[in-house]
Amino acid sequence: TTMPLDSNLTITESSIGGFRLSEHINTYWDVVVKTYNRSEKNPNQLELYHTVCYTFEDLQVQLAVDVRTGIIYRITALSGYQGTFLGSIGIGTAILDVLAMDLGFEYRDAEDAFQTTLYRGVWLEQNIGDPLPEDYPDLKIESITISDRDYIDLAEGHKPGWSLY
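Residues numbered from 1 in each chain as written. Predicted model: local features only at pLDDT ≥ 70, side-chain atom pairs only at ≥ 80, totals over all residues. Heavy atoms only, no water.

Undergrad: Help me understand the overall build of the protein, please; the structure alone is not making it clear to me.
TA: What the protein contains, in helices and strands, is 3 helices and 10 strands. Counting the 165 residues in the protein, one finds 45% classified as buried. As displayed, the protein offers around 8700 Å² of accessible surface, 50% of which is attributable to carbon and sulfur atoms. (Helix = DSSP H or I, 4+ residues; strand = E, 2+ residues; numbered from the N terminus. Buried < 20%, exposed > 50% of the residue type's maximum accessible area, 1.4 Å probe, protein only. Areas by Shrake-Rupley, 256 points an atom, 1.4 Å probe, with all protein chains shown as cover.)

Here it is in structure tokens:
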């Protein structure tokens, strides 16, 4: 049995809003059918080659599912999500405050997000793309993503643990 879905739940390295990484989408299918807003322009967006994304506006959560396996490999807390990561990092948190926590978060140009090796698979996406140093005082977290990096590494033909972030 799954935990209730809620946009106030704490964000962990494996769960956002009650959705858990590495679960099969069928685990939540009754909720998908019941709560999924089918009037959206792109209710299930195809991303990359084998990914479908489900966005739940009422929960402020997006799931990325590998269509070949049905596995949820990425979950994003969107603008409006109330839960926090580590008790204090949430949507709207200033990036400078996160950097002051000394958790190793650094801007990664390739992903256009802040990442740390301490929390592999956790991405803090900021409100200004490709920020310059002078933008840092205005940077705030716009979304928080967790991903199953080992699953992604395997899907991309690498050994689990290949990616550092």
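Undergrad: Just to check I follow, could you spell out the environment of G18 for this structure?
TA: Within the secondary structure layout, G18 lies in the loop between β1 (15-16) and β2 (19-20). Note on G18: relative accessible area 3%, which makes it buried. Separated by 10 residues in the primary sequence, G18 and Y28 have C-alpha atoms spaced 9.8 Å apart.

Undergrad: Which parts of the structure should I look at to understand the packing of aromatic side chains?
TA: Under the defined criterion, the tally for this structure stands at 7 aromatic pairs. Ring centres of F85 and Y119 lie 5.2 Å apart, and the angle between their planes is 85°; on these two criteria the pair is classed as edge-to-face. One end of the pair, F85, is in the loop between β6 (72-77) and α2 (95-100); the other, Y119, is in the loop between β8 (113-115) and β9 (122-126), with 34 residues separating them in the sequence. Note on accessibility: F85 and Y119 belong to one class, buried. An aromatic cluster is built from F19, Y28 and F56, whose rings are joined through pairwise contacts. (Phe/Tyr/Trp six-rings, centres within 6.5 Å; stacked < 30°, edge-to-face > 60°.)

Undergrad: Would you mind showing me how to read the side chain of S15 here?
TA: By the secondary structure assignment, S15 is in strand β1. A distance of 3.0 Å separates a polar atom in the side chain of S15 from the backbone oxygen of F19. Contacts of S15, omitting those with residues within four sequence positions, involve T10, R20 and I146. (Polar contact = N/O pair within 3.5 Å; in protein donor to acceptor, adjacent residues only side chain to side chain. Contact = heavy atoms within 4.5 Å.)

Undergrad: Can you help me understand the pairing of strand β4 (residues 51-56) in this one?
TA: Each regular strand carries side chains that alternate between the two faces of the sheet. Judged by how many residues are buried, β4 sits mostly within the fold: 6 of 6 residues are covered. Here β4 shows no split at all, with T51, C53 and T55 on one side and V52, Y54 and F56 on the other all buried. Pairing of β4 with strand β5 (residues 61-66), which is carried by 6 bridges, proceeds in the antiparallel orientation. Of the residues in β5, the one forming a bridge with Y54 is L63. Counted along the chain from β4 to the antiparallel partner β5, the turn is 4 residues long, and its residue Q60 has a positive phi close to 60°. (Pairing = 2+ DSSP bridges.)

Undergrad: Explain unusual backbone geometry here, please?
TA: Residues other than glycine seldom take positive phi values, yet S22 does so here, at roughly 70°. Structurally, S22 can be placed in the loop between β2 and α1 (29-35). Phi is positive for D112, which is not a glycine, with a value near 50°.

Undergrad: How should the pairing of β5 be read in this particular structure?
TA: β5 sits mainly inside the fold: 6 of its 6 residues count as buried. Here β5 shows a buried face lined by V61, L63 and V65 and a second buried face lined by Q62, A64 and D66. Pairing between β5 and β6: 5 bridges, direction antiparallel. Among the inter-strand pairings, Q62 is bridged to a residue of β6, identified as T76. A loop of 5 residues connects β5 with β6, the two strands running antiparallel in sequence, and G70 in this loop sits at a positive phi of about 80°.

Undergrad: When you look at the environment of Y73 in this model, what are you seeing that I'm missing?
TA: Looking at where Y73 falls in the secondary structure, it is placed in strand β6. The sequence separation of Y73 and R20 amounts to 53 residues, and the corresponding C-alpha distance is 8.9 Å.

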